[in-house]
Amino acid sequence: MLSLHLALVALWAPIVARSPRVAGRLLRGFARAELGSVYTLRWAAVATPSVERRASYLRHADDEARHARLFDTRAAALDGRHEPLRADAEDLFEQLGEARFLAFLERAEGRGRREFAHYARAFERAGDTDTARIFRAIMVDEERHETYAAALLDLTPDAAPARRHALRWDVWRGARRMGTRLADAVYALCMALTYPLLAPGAWWARRRAFPPER
Amino acid sequence: MVAVLGVSGLYHDAAAALVVDGRIVAAVQEERLSRIKHDASLPWRAMKACLAEGAIAARDLDEVIFYEQPFVKLERILITTLRRFPRSFGGYLQGLKSQLRDKLWVLDRLADGLEISRGRIRSIDHHESHAASAFYASPFRDAAVLTVDGVGEWDTTVLWRGRGETLTRLEGLRFPHSLGLFYAAITAYLGFEVLGGEYKVMGLAAYGRANRVDALSQALRLNRDGTFELAPHFFDASGTSELGFTPALEGLLGPRRPPGRPWDLTDETDLAYADVAASAQQLLEEAMGAAARWALERAECDHLCLAGGVALNAVANARIAREVGADRVFVQPAAGDAGGALGAAIVGALQRGAARPPPMTTAALGPHVDSTGLAALADALGLSVGPCPDDATLAVQLLEGRVFGWMKGRMEFGPRALGHRSLLASPFDRGLREKVNRLVKKREPFRPLAPSVLRDATAPWFEEAPPFLTPFMTTVVPATAAARQALPAVVHHDGTARLQTVSDGPFAGLLEAVGHIGPAPVLLNTSLNGAGEPIVATATDAAAFVLAHPVDGVIVGDLLLSRRRVRRGCT
Ligand SMILES: [Fe+2]
Ligand SMILES: [Fe+2]
Ligand SMILES: [Fe+2]
């Protein structure tokens, strides 16, 4: 699954790197994901019983906040759009428990780093060294995040099962995300098909006082 | 015991408030705890914090009241979608999705999440929540109440008569005629973020001339009786557009300002946008002034309470205070939708026979600052913790140009930091304004920073201090000539300041110490948060703040948290 994902990124990256508009969208998506991680980590920092891990999560969140700003600023420079940066967040610590949370962090950071390496190369080849430099700088942090998560996980007695669970959970999460996208598409299709049926209602609503009398 | 929890959420600025036996026990905004600015989810963390503050369990609640009627809101969305057919597909798709996904089932979700019976959960009207938050928290027994916002279910502006323990609805204006939607559209037109960037329009207005009022009057028509109408073709209030205005508004005012471009107020083009801001602000002030007169006449009262998002416009509030009388106006400090939770809780408590709460004299209704474990956390982060310097030492350091965060006691409810979660600096040096902006706030150059002053020492510096407004920073006041000279960091371009008066507590002690060594017991007081972040709530947030911002330190209760390992000035 992971290698399939990376293979797709490898194919896709050179195409993205050639179009500032598409690249802007991609980077804004990364900015959102980074901001989502900030929330996840800040919640983990509150939830963990260990002071050392709280400090690690706070430092990590600080890095991700910087990544979000870097990606967002670069996205605006590429496509000229300025949108408020908003992100959804998952409370992974609560969902997974701390050992599995750390295992998931290790996985996600590693995946991010490998993915960013493809993009860095693609942007370099396309001559966009500014964007490439951002990816390279962020990759250094992602590697550090991967390492510290792994090190903290190895201190727990459940490291091996947590890693196995994180793998399964990650696959399941990916499938669920695809499912959500599919459901969104089906919903949009149903709504598009039913929209014309509103015509008689529209005629009725326009004949009534607006705003309607109470 | 009568215990009622009020809840607002699923639109903007979610919050919870707990009223027990007629006392406001706690009120907390979700964003402070979730760290998501303007968090619009259901405020689970805030609810939990309120219950913890009151030391009661959810099962002991008599009632939970949601601040608006989900099904009436759905009715507006459906009818608006139908009326705009066939141009409403976006609203049909997105609007219905969010309604169906969570908004319609909010009462059931509250019952599930709190593990209490569905029968103990109900909802009241959005504007009733606002009105109750304003009147029952006010010092007045008899007052007109004016609630003004973007839109609730259908209402946008409602007049009420408040008397003792009752609120009577008198009259109202309904969607789409809304001052909130008007101001939001101008906010978007000027390239700011709607529901958050409105303060920027207000700050920018001071730099412009109100020379576009005639043009804007085509979009917002003020009637003689205090009512107003929005010309619908200028606005897109479908709720799916980020902009809230149509190309017709650009036809009226010229092309919108592209978001994100840095402001340069020496540039003609940007000054023209400042003129639009000044004109919109003037029109809003006229509309609010007229609505206030309408409310007072209709209710036959001479005191006025205000709430609703538009009542966060401190400059418009100042105009109302001038017209109505400075000591006759109360603006509930969490006037926006967060405050709806407070109003909902009070309505529920009164209906169950509880006494009306005593007048709100402080907005410090959130969790207490707790520095337990901070020393160990700071150590792990490579930060330094020491005892907090005494007031005199801290005052000296502030006047030397240092910038400190200041967390004392309970967190504020509402958007303003009032000396409980504040960032403080010297007001006597204009350079400090720039320093605070550079280190932390990253704000546009036209946004003012506010002064806090000891209540009994306002006279030489500020021309007035409306007693029920300045404790909460809900108005602006003219600065005297002396203040313009002596307090350059906190007097705005138009010679006003968004003043906070402080009468007691640790913050008053610090201001007094500043007064002993400086020209006035005044400090620059802005909220303790980085750009785009909610105000710092806990000691853990303070550590994250110090990690990200090179300020000279943050006082967390009795401790001083700072970046350097060298202890400076600690006693
Ligand atoms: Fe990152
Ligand atoms: Fe990372
Ligand atoms: Fe509202």
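Residues numbered from 1 in each chain as written. Chains lettered and ligands numbered in written order. Predicted model: local features only at pLDDT ≥ 70, side-chain atom pairs only at ≥ 80, totals over all residues. Heavy atoms only, no water.

Would you mind going over the overall build of chain B with me for this structure?
If you tally the helices and strands in chain B, you get 19 helices and 24 strands. Against the 2.2 N^0.38 benchmark of 25 Å for 571 residues, chain B shows a C-alpha radius of gyration of 23 Å, consistent with a compact globule. Expressed as a percentage of the 571 residues in chain B, the buried residues total 64%. Across chain B, every contact between residues at least 6 apart in sequence was considered, and the portion connecting residues at least 24 apart equals 70%. Only carbon and sulfur atoms are counted for the fraction: they give 51% of the accessible area of chain B, which is about 19900 Å². Each charge class in chain B can be summarised by its mean position, and for the 60 positive and 63 negative side chains these summaries are 3 Å apart. (Helix = DSSP H or I, 4+ residues; strand = E, 2+ residues; numbered from the N terminus. Rg over C-alpha atoms; globule rule 2.2 N^0.38 Å. Buried < 20%, exposed > 50% of the residue type's maximum accessible area, 1.4 Å probe, protein only. Contact = heavy atoms within 4.5 Å. Areas by Shrake-Rupley, 256 points an atom, 1.4 Å probe, with all protein chains shown as cover. Lys, Arg positive; Asp, Glu negative; His and termini not counted. Charge placed at Lys NZ, Arg CZ, Asp CG, Glu CD.)

Whenever I open this one, the pattern of salt bridges confuses me. Can you help?
Overall, the coordinates contain 45 salt bridges over all chains when judged by the stated rule. Residue Asp275(B) is joined to Arg209(B) by a salt bridge in which the shortest nitrogen-to-oxygen separation is 3.0 Å. With Asp275(B) in helix α11 (residues 268–299) and Arg209(B) in the loop between α8 (198–205) and α9 (213–217), this pair connects stretches of sequence that are 66 residues apart. Taking relative accessible area as the criterion, Asp275(B) reaches 7% and is therefore assigned buried. Taken together, the shared-partner salt bridges connect Asp63(A), Arg66(A), Asp141(A) and Arg144(A) into one network. (Salt bridge = Lys/Arg side-chain N within 4 Å of Asp/Glu carboxyl O.)

Can you walk me through the interface of chain B and chain A in this structure?
Think of interface size as the accessible area that goes away when the parts come together; that is how it is often given. In this assembly, 39 residues from chain B lie in contact with 34 residues from chain A. Buried surface at the junction of chain B and chain A, summed over both partners, amounts to about 3500 Å²; 65% is from carbon and sulfur atoms. On the chain B side of the contact with chain A, Leu82(B), Arg83(B) and Phe85(B) bury the most area, a combined 20% of that side's loss. Counting the contacts that link chain B with chain A gives four salt bridges. Linking Asp91(A) and Arg45(B) is a salt bridge whose minimum nitrogen-to-oxygen distance equals 3.8 Å. Residue assignment for the side of chain B that touches chain A shows that the elements contributing at least two residues are α3 (70–84), α4 (89–101), α14 (374–381) and α19 (539–548) of chain B. The dominant element in the side of chain B that touches chain A, judged by the number of residues it contributes, is α3(B), at eight residues. Partitioning the side of chain B that touches chain A into residue classes produces 22 nonpolar, six polar and eleven charged. (Buried area = accessible area lost by both parts, 1.4 Å probe. Nonpolar A, V, L, I, M, F, W, Y, C, P; charged D, E, K, R; others polar.)

I would appreciate a short explanation of the packing of α14(B) against α19(B) in the present structure.
All names here are of chain B. Their axes nearest at 10 Å, the elements α14 and α19 cross at an angle of 25°. With respect to each other, α14 and α19 are oriented roughly parallel. Seen along the crossing, α14 lies across α19 with a hand that is right-handed. Contact residues: α14 offers Leu374, Leu377 and Leu381, while α19 offers Ala539, Thr540, Ala543 and Leu547. Looking at the contact of α14 with α19, its residues break down into six nonpolar, one polar and no charged. (Axes fitted to C-alpha atoms, helices over the stretch in contact; angles between N-to-C directions. Parallel < 35°, antiparallel > 145°, perpendicular 65-115°, else oblique. Left-handed = near helix turned anticlockwise from the far one by under 90°.)

I would appreciate a short explanation of the coordination of the iron ion (ligand 3) in the present structure.
Ideal coordination angles are 109.5 degrees for a metal with four donors arranged tetrahedrally and 90 or 180 degrees for a metal with six donors arranged octahedrally. Residues and elements named next belong to chain B. Only His126 (NE2), His130 (NE2), Asp149 (OD) and Asp337 (OD) from the protein coordinate the iron ion (ligand 3), and they sit 2.1 to 2.3 Å from it. Here the iron ion (ligand 3) is ringed by four donor atoms whose angles at the metal span 87 to 173°, and the overall shape comes out irregular. What makes Asp149 buried here is its relative accessible area of 4%. (Donors = N, O, S within 2.8 Å, 3.2 Å for Na, K, Ca; no water. Tetrahedral: all angles 85-135°; square planar, octahedral: opposite > 155°, others 65-115°.)

Where do I start with the layout of surface pockets in this structure?
Over the atoms, a rolled probe matching the size of one water molecule traces out where space is still vacant. All names here are of chain B. In this model, the second largest pocket occupies a volume close to 540 Å³. For the lining of the second largest pocket, the secondary structure elements donating two or more residues are β21 (500–502) and α18 (506–517). In terms of residue class, the lining of the second largest pocket is built from 14 nonpolar, nine polar and three charged. (1 Å grid on protein atoms, 1.4 Å probe; cavity = no way out; pocket = protein on both sides within 12 Å on 5 of 7 lines; lining within 4 Å. Points joined across faces, edges and corners; volume = space filled by probe spheres on them.)

Can you walk me through the pairing of strand β18 (residues 450–454) of chain B in this structure?
Consecutive side chains along a regular strand alternate between the two faces of the sheet. All names here are of chain B. Counting buried residues in β18 gives five out of five residues, a clear majority hidden from the surface. Here β18 shows no split at all, with Ala450, Ser452 and Leu454 on one side and Pro451 and Val453 on the other all buried. When β18 meets strand β22 (residues 522–527), the two strands line up antiparallel, connected through four bridges. Its bridge partner being in β22, Val453 is matched across the sheet by Val522. (Pairing = 2+ DSSP bridges.)

Help me out: how do you make sense of the domain arrangement of chain B in this one?
Residues and elements named next belong to chain B. Split into domains, chain B comes out as domain 1 (3–137 + 334–360), domain 2 (179–331) and domain 3 (367–562). Measuring from the centre of the C-alpha atoms in domain 1 to the corresponding centre in domain 3 gives 31 Å. Contact between domain 1 and domain 3 buries roughly 1500 Å² in total, counting both sides, with carbon and sulfur atoms accounting for 61%. For the salt bridge of Arg35 with Asp541, the shortest nitrogen-to-oxygen distance reads 3.6 Å. Run the count over domain 1 and domain 3 and you get seven residue pairs in polar contact (both at pLDDT 80 or more). Listed by contribution, the elements that provide at least two residues to the side of domain 1 that touches domain 3 are β3 (23–29), α1 (30–34), α2 (44–54) and α13 (337–351). Broken down by element, the side of domain 1 that touches domain 3 gets its largest block of residues, five residues, from β3. For the side of domain 1 that touches domain 3, the class distribution of residues is twelve nonpolar, two polar and five charged. (Domains from an automatic or database assignment. Polar contact = N/O pair within 3.5 Å; in protein donor to acceptor, adjacent residues only side chain to side chain.)

Which parts of the structure should I look at to understand the coordination of the iron ion (ligand 2)?
All names here are of chain A. For the iron ion (ligand 2), the protein coordination sphere consists of Glu64 (OE), Glu109 (OE), Glu109 (OE), Glu142 (OE) and His145 (ND1), at 1.9 to 2.6 Å. The metal-metal distance between the iron ion (ligand 2) and the iron ion (ligand 1) comes to 3.3 Å, with Glu64 coordinating both. Highlighted residues: Glu109 in helix α5 (residues 98–125) and Glu142 in helix α6 (residues 129–154), separated in sequence by 33 residues. There is no split in this pair, since Glu109 and Glu142 are both buried.

How should I be thinking about the sheet that holds β3(B) in this particular structure?
Hydrogen bonding along the main chain pairs the strands of a sheet, whether they run parallel or antiparallel. All names here are of chain B. Taking strand neighbours across the sheet as the criterion, the five strands line up as β3-β2-β1-β4-β5 in an open arrangement whose pairing is mixed. Every other strand in the sheet has two partners, leaving β3 and β5 (121–123) as the edge strands with one partner each. Mean inter-strand twist for the sheet, computed between neighbouring axes without regard to direction, equals 20°. Contacts from α13 reach β1 (3–8), β2 (15–20), β3, β4 (63–66) and β5 within the one sheet, and its direction differs from that of β1 by about 150°.

I keep staring at the side chain of Thr501(B) and nothing clicks. Help me out?
Residues and elements named next belong to chain B. Its location among the elements puts Thr501 in strand β21. Within the structure, Thr501 has its side chain in polar contact with the side chain of Thr470 (distance 2.9 Å). Apart from the residues within four sequence positions on either side, Thr501 is in contact with Val453, Arg455, Thr458, Ala465, Thr470 and Pro471.

Hey, could you run me through the nonpolar core in this one?
One recurring pattern in soluble globular proteins: nonpolar side chains tend to sit buried together. The biggest cluster of nonpolar side chains holds 97 residues, and the ones touching the most others in it are Tyr57(A), Phe462(B), Leu487(B), Val554(B), Val556(B) and Leu561(B). Ignoring sequence-local partners within four residues, the contact set of Leu561(B) consists of Leu374(B), Ala378(B), Leu383(B), Ser384(B), Val385(B), Ala542(B), Ala543(B), Val546(B), Gly553(B), Val554(B) and Val556(B). If you look at the next biggest cluster of nonpolar residues, it comprises 75 residues, including Leu10(B), Ala16(B), Leu18(B) and Tyr67(B). (Core = buried A, V, L, I, M, F, W, Y, C linked by side-chain atoms within 4.5 Å.)

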